[in-house]
Every structure is written in C-alpha cells, then in structure tokens.
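Listed below, chain by chain, are the residues.
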Number of protein chains: 8
Amino acid sequence: MDAESLRTLLTDVREGRLDVGTALDRLRDLPFEDIGDAKIDHHRTLRTGMPEVIFAQGKTAQQVVDAFSALAARGPVVMATRADRQAYEAVRAVQPEAIYYERARIIALGSMAASGDGYVAVATGGTADLPVAEEACVTLELLGHRVERLFDVGVAGIHRLLAQRQALSAAAVVIVVAGMEGALASVVSGLVACPLVAVPTSVGYGANFDGLAPLLSMLNSCAPGVAVVNIDNGFGAAAFAHLVLLRVNQRPHERE
Amino acid sequence: MDAESLRTLLTDVREGRLDVGTALDRLRDLPFEDIGDAKIDHHRTLRTGMPEVIFAQGKTAQQVVDAFSALAARGPVVMATRADRQAYEAVRAVQPEAIYYERARIIALGSMAASGDGYVAVATGGTADLPVAEEACVTLELLGHRVERLFDVGVAGIHRLLAQRQALSAAAVVIVVAGMEGALASVVSGLVACPLVAVPTSVGYGANFDGLAPLLSMLNSCAPGVAVVNIDNGFGAAAFAHLVLLRVNQRPHERE
Amino acid sequence: MDAESLRTLLTDVREGRLDVGTALDRLRDLPFEDIGDAKIDHHRTLRTGMPEVIFAQGKTAQQVVDAFSALAARGPVVMATRADRQAYEAVRAVQPEAIYYERARIIALGSMAASGDGYVAVATGGTADLPVAEEACVTLELLGHRVERLFDVGVAGIHRLLAQRQALSAAAVVIVVAGMEGALASVVSGLVACPLVAVPTSVGYGANFDGLAPLLSMLNSCAPGVAVVNIDNGFGAAAFAHLVLLRVNQRPHERE
Amino acid sequence: MDAESLRTLLTDVREGRLDVGTALDRLRDLPFEDIGDAKIDHHRTLRTGMPEVIFAQGKTAQQVVDAFSALAARGPVVMATRADRQAYEAVRAVQPEAIYYERARIIALGSMAASGDGYVAVATGGTADLPVAEEACVTLELLGHRVERLFDVGVAGIHRLLAQRQALSAAAVVIVVAGMEGALASVVSGLVACPLVAVPTSVGYGANFDGLAPLLSMLNSCAPGVAVVNIDNGFGAAAFAHLVLLRVNQRPHERE
Amino acid sequence: MDAESLRTLLTDVREGRLDVGTALDRLRDLPFEDIGDAKIDHHRTLRTGMPEVIFAQGKTAQQVVDAFSALAARGPVVMATRADRQAYEAVRAVQPEAIYYERARIIALGSMAASGDGYVAVATGGTADLPVAEEACVTLELLGHRVERLFDVGVAGIHRLLAQRQALSAAAVVIVVAGMEGALASVVSGLVACPLVAVPTSVGYGANFDGLAPLLSMLNSCAPGVAVVNIDNGFGAAAFAHLVLLRVNQRPHERE
Amino acid sequence: MDAESLRTLLTDVREGRLDVGTALDRLRDLPFEDIGDAKIDHHRTLRTGMPEVIFAQGKTAQQVVDAFSALAARGPVVMATRADRQAYEAVRAVQPEAIYYERARIIALGSMAASGDGYVAVATGGTADLPVAEEACVTLELLGHRVERLFDVGVAGIHRLLAQRQALSAAAVVIVVAGMEGALASVVSGLVACPLVAVPTSVGYGANFDGLAPLLSMLNSCAPGVAVVNIDNGFGAAAFAHLVLLRVNQRPHERE
Amino acid sequence: MDAESLRTLLTDVREGRLDVGTALDRLRDLPFEDIGDAKIDHHRTLRTGMPEVIFAQGKTAQQVVDAFSALAARGPVVMATRADRQAYEAVRAVQPEAIYYERARIIALGSMAASGDGYVAVATGGTADLPVAEEACVTLELLGHRVERLFDVGVAGIHRLLAQRQALSAAAVVIVVAGMEGALASVVSGLVACPLVAVPTSVGYGANFDGLAPLLSMLNSCAPGVAVVNIDNGFGAAAFAHLVLLRVNQRPHERE
Amino acid sequence: MDAESLRTLLTDVREGRLDVGTALDRLRDLPFEDIGDAKIDHHRTLRTGMPEVIFAQGKTAQQVVDAFSALAARGPVVMATRADRQAYEAVRAVQPEAIYYERARIIALGSMAASGDGYVAVATGGTADLPVAEEACVTLELLGHRVERLFDVGVAGIHRLLAQRQALSAAAVVIVVAGMEGALASVVSGLVACPLVAVPTSVGYGANFDGLAPLLSMLNSCAPGVAVVNIDNGFGAAAFAHLVLLRVNQRPHERE
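Residues numbered from 1 in each chain as written. Chains lettered and ligands numbered in written order. Predicted model: local features only at pLDDT ≥ 70, side-chain atom pairs only at ≥ 80, totals over all residues. Heavy atoms only, no water.

Asker: Could you give an account of the pattern of salt bridges, naming the residues involved and the relevant values?
Answerer: Counted under the stated rule, the structure contains 80 salt bridges over all chains. Among the ionic pairs, R149 of chain B bridges to E134 of chain B, the shortest N-O distance being 2.7 Å. In this pair, R149 of chain B sits in strand β6 (residues 146–150) while E134 of chain B sits in helix α7 (residues 130–142), placing the two residues 15 residues apart along the sequence. When its relative accessible area of 32% is taken as the criterion, R149 of chain B is described as partly exposed. Residue class for E134 of chain B comes out buried when judged on its relative accessible area of 6%. A salt bridge links R149 of chain C to E141 of chain C; its shortest N-O distance comes to 2.9 Å. (Salt bridge = Lys/Arg side-chain N within 4 Å of Asp/Glu carboxyl O. Helix = DSSP H or I, 4+ residues; strand = E, 2+ residues; numbered from the N terminus. Buried < 20%, exposed > 50% of the residue type's maximum accessible area, 1.4 Å probe, protein only.)

Asker: Which residues make up the sheet that holds strand β4 (residues 106–109) of chain F, and what values do they have?
Answerer: All names here are of chain F. The four strands are arranged β1-β2-β4-β3 in an open sheet whose pairing can be described as mixed. Every other strand in the sheet has two partners, leaving β1 (52–55) and β3 (99–101) as the edge strands with one partner each. Between one strand and the next, the sheet's axes are offset by a mean angle of 20°, whatever the strand orientation. Of the strand pairs in this sheet, strand β2 (residues 78–81) and β4 are connected by three bridges, and their pairing is antiparallel. Looking at β4, one finds that M79 is bridged to A108. Set on the sheet, helix α5 (residues 61–72) makes contact with β1, β2 and β4; between it and β2 the angle comes to about 155°. (Pairing = 2+ DSSP bridges. Axes fitted to C-alpha atoms, helices over the stretch in contact; angles between N-to-C directions. Contact = heavy atoms within 4.5 Å.)

Asker: Describe the state of the cysteines, naming the residues involved and giving the relevant values.
Answerer: For the structure on display, the rule yields zero disulfides over all chains. Here C194 of chain A is not cross-linked by a disulfide; its sulfur's nearest cysteine counterpart is in C137 of chain A, at 15 Å. (Disulfide = S-S within 2.5 Å.)

Asker: Pulling in residues and values, what's your account of the sheet that holds strand β3 (residues 99–101) of chain D?
Answerer: Residues and elements named next belong to chain D. Taken in spatial order, the four strands line up as β1-β2-β4-β3 in an open sheet, and their pairing is mixed. One side of each edge strand has no neighbouring strand; the edge strands of this open sheet are β1 (52–55) and β3. For this sheet, the mean inter-axis angle between neighbouring strands, taken without regard to orientation, is 20°. Contacts from helix α5 (residues 61–72) reach β1, β2 (78–81) and β4 (106–109), with the element oriented near 155° to β2.

Asker: Go over the confidence of the model for chain A with me, naming the residues and quoting the values.
Answerer: Regions with low pLDDT should not have their predicted coordinates read in detail. Residues and elements named next belong to chain A. For chain A, mean pLDDT is 83; residues scoring 70 or higher make up 83% of the total. Confidence drops under pLDDT 50 across residues 28–47; counting only partners more than four residues distant or on other chains, this segment forms 36 contacts. Model confidence for the complex is summarised by a pTM of 0.86, with the ipTM given as 0.82. (pLDDT = per-residue confidence, 0-100.)

Asker: Could you give me a rundown of the pairing of strand β6 (residues 146–150) of chain H, with the residues and numbers involved?
Answerer: All names here are of chain H. Both strand β5 (residues 119–124) and β6 contribute to a ladder of five bridges, which runs parallel. Bridge pairing links V122 to R149 in β6. Handedness of the β-α-β unit built from β5, helix α7 (residues 130–142) and β6 comes out right-handed. (Right-handed = clockwise from strand over helix to strand, strands pointing away.)

Asker: Tell me about the packing of helix α11 (residues 212–219) of chain F against helix α11 (residues 212–219) of chain G, and please be specific about residues and values.
Answerer: Where α11 of chain F meets α11 of chain G, the axes come as close as 8 Å, and the angle between the chain directions of the two elements is 125°. In terms of orientation, α11 of chain F lies oblique with respect to α11 of chain G. The interaxial crossing formed by α11 of chain F with α11 of chain G has left-handed handedness. Across the interface between the two elements, L212, A213, L216 and S217 of chain F from α11 of chain F touch L212, A213, L216 and S217 of chain G from α11 of chain G. (Parallel < 35°, antiparallel > 145°, perpendicular 65-115°, else oblique. Left-handed = near helix turned anticlockwise from the far one by under 90°.)

Asker: Which residues make up unusual backbone geometry, and what are the values?
Answerer: All names here are of chain G. Unusually for a residue other than glycine, M180 sits at a positive phi of about 45°. One can find M180 in the loop between β7 (173–178) and α10 (184–189). On the accessibility criterion, M180 (27% relative accessible area) is partly exposed. A positive phi is found at D210, a non-glycine position, where the angle reads about 55°. Within the element layout of this structure, D210 appears in the loop between β8 (196–200) and α11. For D210, a relative accessible area of 61% translates into the label exposed.

Asker: Give a description of the pairing of strand β2 (residues 78–81) of chain H that names residues and reports values.
Answerer: Residue and element names in this part refer to chain H. Of the two faces of β2, both are covered, the one formed by V78 and A80 as well as the one formed by M79 and T81. Relative to β2, strand β1 (residues 52–55) is paired through four bridges, and the arrangement is parallel. Within β2, the position partnered with I54 by the bridge is A80.

Asker: I'd like to hear about α7 of chain H, residue by residue, with values.
Answerer: Residues and elements named next belong to chain H. If you check α7, its first and last C-alpha atoms are 18 Å apart, about what 13 residues at 1.5 Å a residue would give, namely 18 Å. Burial in α7 covers these residues: L130, V132, A133, E134, E135, A136, C137, V138, T139, L140 and L142. Positioned one or two residues after α7, G144 has a phi angle of 95°, which is positive. (Expected span 1.5 Å × (residues − 1).)

Dropping the structure here:
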C-alpha cells in the first residue's frame, strides 16, 4: 500500500465513503501488509526479473510438478534446478512447453527479454565441472543475459586460459567454476578487472573432501576481487551475477 | 597490440617509416610485454584505480616503511592494511602526509577522485565487527566511492535493521559484516535487489571457531545473491565492490 | 525405603519379630533398591508423562514390532520415531489402532490427556525442514500439548516471519527448525520473550556439511535465550519443550 | 500505535479535526514506528527483566566504562560479563556502587526483585568449570532468581552426584556445566524431570579441542530433555533458564 | 638360526668342514633370517594364542573363503570378522564345522582352551551397540576367556548401571561399548579398579559425526584408567583385553 | 559398611547394646554413605594405591599449595602434575619434603611400596616427547612400579628400536609416547605380546594439528592390542598401566 | 622466438624478402604460439612420454569410449584409470587391442619403450591397498619403467619389511601405499636413501576418516625425504616417480 | 660389522686364534649390531651426504648448543633449523665458525662439496613465504646443490611467473612454496616436466586455517607430478629434492 492508496483511503474516510470500522480493518495490518508477502515479492520480482525457483533435489516428481504448476500461473519464468529427466517428464505432462536443459539439470518455462549488452564469462577448470557451470549459464540465459562459455581452461595448461584473455577481459562479470584445487579463480582474477564469482565444485576425491579444498582455496585467493558461493552452487553464482548486471545495464537516469 | 596495429607496424617498417631497431624494441617484449609485469599492472591500475596495497600484519615497522616508500613513487594512492599505530609512526616519519585510520587499521597516502553516484551500504551485526567494517569503508572511500555506514543492526533486534531498509535498497552494492552466527547476510539479502558481499568476522568464541560459524552460515545463505569473502577480509569485500561499481558507474559508451 | 520403614525394621529386630539374617537380607540391597530400575522409571514416567520411545531408524520392521508390543503393555502412549511405512504396516498387523503420521515418520498408539493452556509455536525456515518439524509437532500433540505450526517463514522473506509475531509472542516455548544457514533462530529469538529451542536440520548441500552450518549458527546465536539440540532431532526439541510445559502448566500449589 | 489510537485518528479525520495530509504523515512510518528501536526494546526489557549486558572480553577498560555508564542511566540492572579486575576498577571510579563478582568475572550494578519460588540448580563436573558456572549463577541471582550450587559432582565419582538428587529433582531448571568429556549432562538428565540446559566448557586439553568434545557429547546426549548452549556460555544458559522461570513463575491469570 | 645352529657352523669352520667363504655367505643374511617371516609369527601365535584374523568387510565371499581355508591349515582358531551371512554360507561349503555368530558378524572355526579365571565384563550403552559388543564378546570367548555381558546400562538410567556394580568390580578388565555421547565409559571407570577399554560406536546421527562424538568423549574421560580403541572396533578391544588376561592369568613362576 | 558390620549393628540392636535411634542414624545415609564420597574414595585408594592427583596446569601456585596440603593429610602419596618450578617452590615452603621431578613436571610427596616384579617399558619416538614420557614414568615409580625407559627409538631409525626388543618383550605393559606421525605404536605393537598403551603427543607442527595426526594414527593402528589415551596424557597412560599391573601382580589367591 | 629471429624477420620485411601478410601470420600468435596449446602439449608429451589419461570414475561407459577413441589417434599410449569392467567392454568393442588391468582398474592401449635401468619399488601395508598400488605399478610399466612389487609388508610384522631391504635400497624411487595409520612410509623412509612418494589410501574405518589418518601421518613423517600425494592417488605417485626417472635415466650429455 | 671383519673372525676361528664360544658370543648379537645405531647412520650419512639436523624450535639455546657441539664432532656439516638469533649467539660462543642464515633461520657449520650440475628452482607465491623458501634454499646449498630463487611469482600476476619459464624448465627439481590458496603449485606443474615438490605455508588468515587451505589445494593439484610435504616444511622439501639430485647426479656406472 503506497502513499497514493493511503491518501485515497483517508479521503474516502473524510468524505464518508468509507466508515471508520472498515478503514480500521484495512489499516490494522498495515505494518505487515506493507511489507507483506505478495507485494514485496511481486515488487522484487518485477524489479529483478528473478524467477521463482524450485530446488528439485530431494523432491518427488509429483512435488516438482505441483510446485511448477503453482508458479507457472504467477510469473514469466519458472525454473526447477537439480532436476532429473524423470521430474521433467512429469512436468512436461502438464506443462508441454517446459524445456529440459539436461546438462544443466534445469526444467524451465518461459524466459526474460534480453537485457543490456554486458555479458558473463563462465570459465571451468575441467569437463567434470560442466553440470555446475551449465546450471549457471542456463540460469543467466533464462534471465535474459548473454553468456560466454570458456570451458576446460584449467591452470595445468595455462596457455589454454591465456588464449581466452580477450573474452575474459571484456566480460561484465566472470564466473569461475572449478573443483580439484580450485586454483583457476586466482589465476583468472589476475587477468581481469571485473568482479569474479567463484564456484567451488565437489569434483575430486580424497583430500578434496567433497569440495572443501577448492572452497578454502577460493576463499584464500591471493587476488582481490574474488567472492565465493557455496560448493556446486551454479545457480547462486548466476543469481549474483544477474544482480550485478541489473545495475550495470541500468541506464544512468534509471538509477536511484 | 592487435592485428591491425601489428600490420601498421610492419607496413611502417616495410615503407621505411620505422627503422628496424625501433620496431624491434616495440616487438621485443611482445610475448611478455602484452602480459608483462609493469605494463599490465599499470594498465590494470589505471583502469581499476586499485591502489597497490601492503598487508602490514606480520611485517616489522621498517618493512612497512620500505614497501610504503617504494609504492609511494608509483601511484596516486598507497595503502597499508592491518597496520598498527607503531607502523604508522614509522611511516609518517618519512611520509608526513600519510594518514592513519585507527579503527580501520589503515595507513594511506592520497586517494582517488570521486567516482559515479552509486554508493555502497556497509552493515554490521555488532560493534565488535567495526574494525573489519571500517577496513571496507575506508578502502572504498580511498578509491573514490561513497559509503553508507549502517552499523549495529544485528538480527536479534530486527526493527533496527528494518528501519534502514531505505538506505539498503538504494545502494549499488551491499557489504554485510557479521560475526557470531552471521545471520545478518541472509536477512539483508531478502531486503535488497543488489549484489551482497558477505564478510564473516572472527568475532565470537567457543563453537564460533574463529569465524567458521559465520563463514558457513553465509555460504549457505538461503537467499540467492550472496557471495562471500574470507573471514575478517574487509579489504577484499571493498575490492570486490569497487570492481562492481567501476562497471556500474561506467557511462554506456565507455563499455567495451 | 524411607526413615519410617527403617525404624519399623529396626524395632522389629529389637523386639525379636525379625531375625538378624532376614533383616540383613532386606538391608543389603537398600542402596540400590531405592534407586532400582522399575521404581524410578515408573515414577519418572508417571510424573513426566513422557512415553517410552523407539528410535526405529536402523531397526528391521520386526524389531520395531517387537519393541512396540512390549511397550504397549506398559504405558498410555507408545511411539516409534523415524519409522517408515513398511514398519508401520508391520506394527498395524499386531496393533490395529496404531496410527502413522507420515510426514512426521512416527507410529503412535494412544496419547496423553490435554495439558494446560500453554502452547508451543514451531517455526520452520523452509518446506524441506517439514519432516523434522512434524516430528516435533506430533510428539508434542501426543503428549497432550497444543502446537501452533508456523511453517516456511525463512529469513530471506522477513515479512512472512513478522506477520507471525503475534503467534510467536504468545507461545510458552518456541521451537525453530531450520537448515541451510539456520539464521531463523536468531531472528525469532529477538521477537519473543520465551525460551527458544533451536533444531538445526541437515537440509542443504556443499558447505552445509550435513547440518554443521546451521548447528554452529544456532550455537553462536547473537540473541540470548536460545538452546540447541542435535541435528534433525525434532523429537529432542519436543521432549525439552514438554518438560518446560510441565513446569509452566503446574498449578502453583503443585510445585515442589 | 494500537487499535484504539488508530480509531481515534480515523475518527479525527472523519470529523475534520485532522486533515488528510497530517494523518498521512502519521501513518506513513507506522510499520516501523510500531516496531521501532526504542519502543520494542523497552517493552521487551520491561517484560523480561533481562538487563542490557556488555560482553567485556576484547574491550578496553575505557570502552567498558563508557558502555556501562550509558546503560546505567536506562535500566535497573547493568551487567558486564567476562570482565577482569582492571575493567572493574575503571568502572568503580565512575560507578562506585558497582560490584565485582570475581569468580564469575561479572561487574554489576543493581539487581531485580526476587521472582517466584522456582530455583535453578547449577551443577559442575569439576572445579575448573567454576568460572563458567558462576557466570550463570550470578546472572540468575542478579535477575532475581534463587540458585542452588552443586559443584564438583563429576561422573567419575557418581556417588557425589547421587547424593544431590534431592536438590536436582526439585529444581525448575537444571544447568549442567562440564568440560572434559561432558558426560555429566547425560547422567543428570536421567535423574530429573525438568528441562536441562547444558554448557560445555573449554576445560581440558588435547583431543578436547577447546570444548568441542563436551559440546558434541552434550548434543548427542542419550537422554531426552537436554538442550545446549555455546562453549563457556554460562550467561546464555542463565538467560535461557531465566526465560523458562518467567513462564513458570507467572500466575496463571497472568498468562496470555 | 638359533644358538645351536650357529655353534655347529662355527665348529664346522674350525674343523675344516666348511670353508670361510661359504660360512660368510650363510652368515651374511643372518640378521634378517633370524627375524624372518614365518618364525617370528609362529612364536608370537604360540605365545599369545591370538588367532589369525580375516577382516571380511570389503572382501568378496570367495576372497573370504580362500583366506579362511589358507589359515585353517595353520592354527587352532580361525576367525573372520565383519562377515555377512553370504560369506558364511560360502565358507561353510568348504569348512562345514565353521560357526556363524550372527550378531557378532563373526565366522569362526575352533577355539582356544579355557584360560584362567579372570573374566571380562562387557557393558553397552544401548541395544544398537550390540553388534560391536558381541564382536568383542565372541572374540574373547573364542580365545578361551569368560565374558560377562552387561548390556543396555546407559547413563540416562544410572540405576541400571549401579545394579551391576558387583559384576563390574570383580572383572579383570572392563570393556565399555557406547555410541551417542559415550558417557558410559567415564561413569563405569569411576566404579571399578581395573583397566577399562572404551569402544566408541558409530551409533547416533547428526552431530555424532559417525562416532566422533563418543570417541572424543572417551579420550577426554575425566576418570583415569580409560584407554580407547577405534570407532566400532570391538575386535581390537577384545584383543587388548586378551593380552591383559594373558599376563593376569600367568602363574607367577611363568612370568619372565 | 560391609555385611559383617551390618550384622554386628543389627546384633547390637537385638541385644540392646544399641538403641533404635542411634542405629537409625547410622543406617539413614546408608544408600549414599556406602557409596559416599570419602568412604568409597578411601576404599578405592586402598585397593588401587592410586594417589589423589592435582592437575596443576591453569591453577595458581597458591591453589596448588592449598590442594596439596589438603591431600597430604589424607594419603601416603600426593602428586601434582603439569606443575612448574614456581608452583613447586610454593609447595616446598609448606611441605619441605616434597620433591620436584622437573622433566616430568611433577611435584610429589611420599610414594607407594614396591609392587610385584612386572615392569612397564616406556618407549618414545624422539627427545621432544620426553616430558610426556617422564610424566608416565615418574607416576608409575611413585606408585611402586619398576619402569624401563627406552627413549628416542623412533621408527625412522628402526635398528635402534629393534635393539631394544628384549626389554620390550619382557615388559608387563608397554607405553609408547610419540608425536609427529605416531608410527612407533604400530611398530612396537608388532614386536610384543603384552598390552600397549599409546600416548600421542603434540610434538610437531603444521598438519600435525597439535597432536591430531599421531592420535588418529594410533587409533588406526594396524596391529591389534593397542589402546590410546588423550594427547600428551602421560599420567593417564601410567594410571591405566598401574591398573593392569595391580591385576598382574596379585597373587592368585588374592584374586576375587 | 628470440631477438635475433625477430630482427631477421623485420629485416626481411624491410628488404622485401617477406611480405607483410606472411610476417603478420608469423607474429600474430607469437604471444600465445610460444606457449600455445598444441605445441606445448606436444613438446611436453614428447619429452615426458606421459600419455594422455582419462579419469573414468563418474563417467559413463560411452563417455569413456569417446574420450579413449579421441586420444587413441594422437599418441602412443592411452590410459583410462578408475575404470570398471563395463567401461572396458565398451572400449574393447571399438579398440580391440585395449587391455584391461583389473586390479589396477586401468584400460590401456599401447605402451612406451623400456626406459633406463632405474626401477621403482612399490610397497604396500596390506592387501586392501592393492588396487591403489597396482594403479601405480601398471601406470609405471605402461610408461616403460621397471617395477618391483613389495606387497603386504606392513609395520605390524616388521621382519617382513626388513626382509625386503635389499630391493628397497636399490630402487631409484620408492612408492609406499598404505591405509590404516600409514606408518609404513616413515619406517621405509628410514631404510632407503632415495626419494619416497607416499600414497595414503582410504583403507580403514572409523577414526580413519576415509584416509585422513594416513594422510596426516605421512605428512608428519619423522623421516626427511618423504613427499605425499592425494588419498588413493596411485596414478599421481606413478606420474611423479616417472618424472624423477626421466631425469635419472637421462644420459649426462642429454641434460640441459 | 662388515664383511671384512666377519671374514677375519671366521679365519681366526679356523686357525684356532679364537675359540668357538667366544666367536659365538660375538656373533650372537650380530643381527642387531649390524644394523646398530652408529654404523647404519654413518653408512647412510656417507652415502646421502645428509647432515645431522637439529630442529631448534622449542629448544633452549643451551640445548641447541649441546646438540650442535655433539654433532660437530661427527660429520662435515651440522645444521640447526628454526633457530633464532639468540640460539645462534650461544652456538657461536663455542663454535666460532658457525654461520647464521637469518632469513632461513638456520645455523650451520661446514658444507658439502658441490654436487653435479642439476639445480633446484625454488619458486614462492609471495614475500611472506620467504622464510620457508630460504630454509629450503640454504639447506640445498649446504648440501652442495645449486639453487635458482624465483621469488614472488604468485598466480595473481601470471606474467611474472611466465617470465621465469626458462629457469623453471631447466631445473632438475622444482620446489614451490606458497601460502594463501597455494595455487602456484598447479600452475608451475603445468609448465615443467620435472618432479615438483610443493610446500604449503601457514601464510594467510581466516579460512586459511594455518596452512590447511594451501595444503589441501596442493594435494588436489589437477596437474600430475606434484607431491607435497608438511606445512612450512622447507627443510623437508629440500631433503626430498636432495635425494632426487643424488640419483640424477650419479654417473651411470655408479648406479646400483
């Protein structure tokens, strides 16, 4: 309830169109209505374009279908991450236009309009990091952003990475997805002048401890300008990059 | 140096406009010059305005002085972080204009010109998080950015935080500095639509494990759009925010 | 055996009604008889109303049936927690009145009479925390308490939580069930003036480390008045709240 | 602003005593004013009697003095925990009535009136746990509660503990403070029918890992009815027990 | 090569039956021959009566059969621990007298003669610890020792444990098997005056971390006289107790 | 109070030598007196010869003096472990006969009579393990046992260890004290047929993690017959060995 | 491309011997050509003989086949490690000469010519370490090296190890593969004068923590000359040993 | 006792100069005498040139002096690592020729003759890693090897590292010393074809956990050919490299 609605309500009371009891009822929950569930969420969604997202892992196919259908009525984009093909088949039965991005493990319906011209470079250390990287890439694309995939540029063959310097330098945001020792984030960070979001993956074994090694590695990066999300959280990195791009792509006069 | 410049150079050589020695000089370091130490660093510094920074912790006062003097000759801003007053006194003896930001534990000389109008909101959970928060604030201010300090808005008194929603919403980037359980990052993240950089601090005791508790808490934030830097790394958060702001403040025609 | 019985025994010895050997026999085990198995347990069960409980996880259906039948003979309520449907089917074959609370994974027979009017508010961060929360809710209901379910009020959408302040404030005890980063406990704790029992759940992935993140988060809560039980231990939180309610619901003259 | 005030405001608008603009101004900040800083805190303090508390560890004597003086103006009780004698001397210089509880490491000024007749039994495993236990005891006493100290009743000499069964059984809440392996919590829990708050201490060495051993031990207690606070957090246990006692000591007609 | 063989060799040299070069060859490897594989092992087995043991976990049924048959030819007792029924069926096909101790998960053939009259008391915290406890009990029985089983005497019902004080006090060695928080070891240790071997089990969940909680608890036992073996290592505890009993049961004149 | 005393008491009552009131007084506390503090401890001390021990670390010199004096009145041996020279000087001022074992960091007064002829071999990996080893050796000697010191026989020079095989083999118990990687326990265990108590020490750096490395190493020993005590707990190992020796040195007819 | 070549090129351009287009081509990739993808890899492969290797774990049989076929066209040796029989059958269908080393879990095609006469001794603690050891052995053999297998020489039976001193001493490199407590590395290290690569394995249970115990043990080895690779990383140890052997087997005049 | 002594003994027996009994006595302990302390160590020292080394950390100046003097009598080189200046002054008082390498924290006396022409490249990530790197460099130089220092070539400025490719490629062994995230090891490993020994350092803070981050990073290196030593163990890396160089520098005909 914004200032205008409040003014209308008060004027209605003054002019007798609304009795005090009814006005009171409407106002009683104002402190919460104003920051109430639907409104804020709607505002936020409109402003950020962030679709409602279902974390499908650990849910039954039916639960995914139910959540998907509920959300499909509300917004322009619906996404379910960490979804397997079985969940997709169940969703498709009721939402025939839903698309399955197999490598990204994402079921999606709809997408945002293309945003401004800044793009996100997504680099990975090895091919095993691909599912996490694709989760980030597809999420960004569904949100209307352009993505440059720079896969398999691990530091053990530094020349492969250096060959991509141009694409890295011009990005608005860089996402580095790496398992094993996660050294890629530090090296890339030294090559670019834009914010770098690092995603440690659980790719590895033994003293990798399911992603602890690259997580610690990235948190300790000797290069400033690196921030880290949870292990395997490709979606989180994309959501973060999306928020940066929203600001970057804003026309100056749009800025608050 | 791109293909076109190379072609021009070679044509100049062929047509006698450039003698071989000069061309050789230009090309000699090409493999490395292009990615060479000084140049790249210079390029990067010019583009990003990131000053050379000395991590003073664990260094003697003399070592800080030496590093400080060496860098003072090179760029517009010199900073030493995690510096105590003793180091400052030593620096001031040779660099009388150096300033000491006591709470931030930063010695600085010079500062960048004011950047665009986006600002960074820095929120802390409690007063004990202040040194880390000030490290971030002062770093950003030295880099020419505007900072809004929202200190002591921990989640145990949620109303204090909600009272600052306006200041949080309008920020280009939000930095959340919190120890104990680090819950502030998640709550703030749900209130804003901009990127949020979370800094866990080592404030706490017992099962805090020197900052492990808020670190894990922030990495597991239930709100998308949160990225995390190392424990107590206020400087790192500022450096990251700075890179975001550089992109945000760029005029559209300046963008690559 | 209290002082009076002892006096009687000694008088019987003195007056020859009891020979020394028999008296000796009665006295020999005195230290243990008084704190003997059945007696204490019976007293405790009668006083607390806490049913005997079977932890079904890791037991075969037959083992659950055997334990269930053995306990059914003894008390007014029998419960098996962490039980799957298969175990329930086996129990029902011999205990037809047994009820299965599917979401809570509890098999139960009988229940306690309604206790006093204090109630427990059970809040969860997300829908994935529901099985643990229901384990707490159903346990409390079987013990005769009233429960207010406040599910899916995670801190990323703080308004949903604030909208429930009334229900939280009036509770005698609040149980907060949350995975991910577990920030909900701290925020709720700042809103209420009653004891808060926090239950970290293993909901999450990566640096969640199977519930370690919310566990540490809750132990480090910046708000006083929070105590924590084991990861996923909905039953433990309910048992604790039950003991608080027993004291709260006692009439003053009943108090020792 | 409660319903009555709102009704008055609306009636004033209707009857022309208040113009729409002014009414709008008053209502605009309603959502936050109602949950504004001072008001809520005051309400909470009044209702719970929980004094404002200063965590003195890591603060200079001057910082403790400043905080102490600021709070002394506001409420009936001021406490600084983890305070050394030097901080006390500094406080006493400006607050001559301040008292220093040396073993509890608490500086206090004022205390609450005696509450109802329920008391808290505080048991410790060994003498080294005493500072943490005293922190809990003194905090409770300052808040107006009666405390029964049952110190040095560790499980290696079980008879000492059993000799205190009477005092344990009659308590409204039991706090168990133990380092080393922390087994005391489980044993006591089996002897009482009231809520038990366990405080692991950092007493121990080697594989104790600064309190991790008793912390895990207490979280895994085989006896239901145990909840745990942070390592060495005697104050937190007292705050929790205080909230339980508030409910227990309420007269029935006072209960919401 | 024992003293006698050496003397013969030297005599042969002296009397010219063996030339120096050949004698030198025979002596060169003496240091290792004397401590060669078979001899030492045989000596050790004879002296200790410890059967050769197969750790069946992770081995195929065929691998267990092969190892079992190989060892059956060598000694009076053969044991395979952590063996499932399938492995047993395979063993029985070739070793019809082999016996399967289902709860202990041990396949055995033969047993040692009864040793002296000292016995081992094996106490457990709960029924879930039974497989580990039985592994210890059956191992000891196969080695000729008497075992007193004191199962399900966890500390949450301390009277059950105290009722067994007699049986505990008279034991030569006590083995305590406990999961959850492992407090039983400390309590029992305070009741007996013999060596106590503690076996943490992986029974528990959440912050139990697969046996880490009772392991740390037992290592930090506040009662002297407790030593600890690996998590779930019932066999190791039995082997240790066996070595103690060997010494205890030795007649004085047998002692070295 | 044993059966005989009870019979006497009852006979006295019967025969009028003791009135009922007095008998009642004596019996009233029987349940606890029998397991009461002083008595049981006395019984236990008499049977085991274990002196009362003060853990001096973290205590002031005055606290050590007070505890020492209190215990000196009670038993034949008093010990304070982890004591520095300053504490010793303070003790000597009031207990002139007290002796300081500097390397063992033990202050002692009195000692037990020599026990049977079994001895304990104490082996260390390196010279830095010496303080912990001496704590074990001196404790054993004060308890009347013979000790064989086999220091600096680390596995990196296996011949030094093998040269001590004779002394190891004949011991009743072996204590192995080792830091770094703690491999010594496994190697020694393969050489002896007696129980081996392993003491990890905090000697090392880096990935030693203050004794975690040898602790885990010893718990995972591939040789059966190894049990482990806490890091640096030389006293605990000695206490354990003492209990074994008590059983070993008992004459057969003394055994229960 | 050094200064001289550059000068020649430029002079050729100037004097018309080289047209601008061709010069451009040569220069275009200069920065990267020198460190370009193919070239470096080719150089490296040729110089080291290290085959391209597929890490088959976590890949489908089809993915292994595709990668295998792609690499088969490029080099003399193709290897897939951590491959199961199913993957092998799929590979064999298209690469009939591929061989499966079942215990090593390696699929291989081709092999290197025999290198110099230095050999690698591979020692294991127990039979369960065999798959990791064989991964190392087969890798080395495919690379043209001679391997001496010294299996099952764990430290609990030290004589078995000592009996192999000859074979250990003469090796150019020793690889020690051990799980449980990993003590073997330290003992072997004291017996040899060559570099020792230690491979911790995940063989063990409980406090082994999936290989953490031997990993820490090996990193803390009291014997200098030990370096460690990741848990279960038999291939990594072989790769390291291969690089040592390349240097050792080089003829002096081949050395740079 | 070497072959020659044995031959003499046997000849003496043959020729009657020694009776069988006496010869037997001398031979009896042969197994151990032959592998006795001094001899084997001497053999090993002669063969490897590894000086006896004192780990000075945690030792008093006097203890360092004593050990130093004892060793000075025995071999050509004596070293004390982790020694401070105070220890050096004490050593110099009795060993005037001893030299102190301040940055390396090494006191040394004497040095080995120059070995073959292979050299070791020692690279560091930052200046803070210098003490550990110098410990490695000085150790190698004292052992007669040539060292190439490539300091401050961290991955955040990859060009500095690439500029040193020539020096890295030609090394016989590379040692990489790095703290923070330790990424340098992986990057260097991809540039060279020789064995790489990685030394994690404790340089860093927060989630570095005193060197755990670079330790895990290096163990998980995505590049084969990396082996790791303990945190800050510059000496260990040098010892390992020394053993490699011994083999590399051997003339072919010297090889066993």
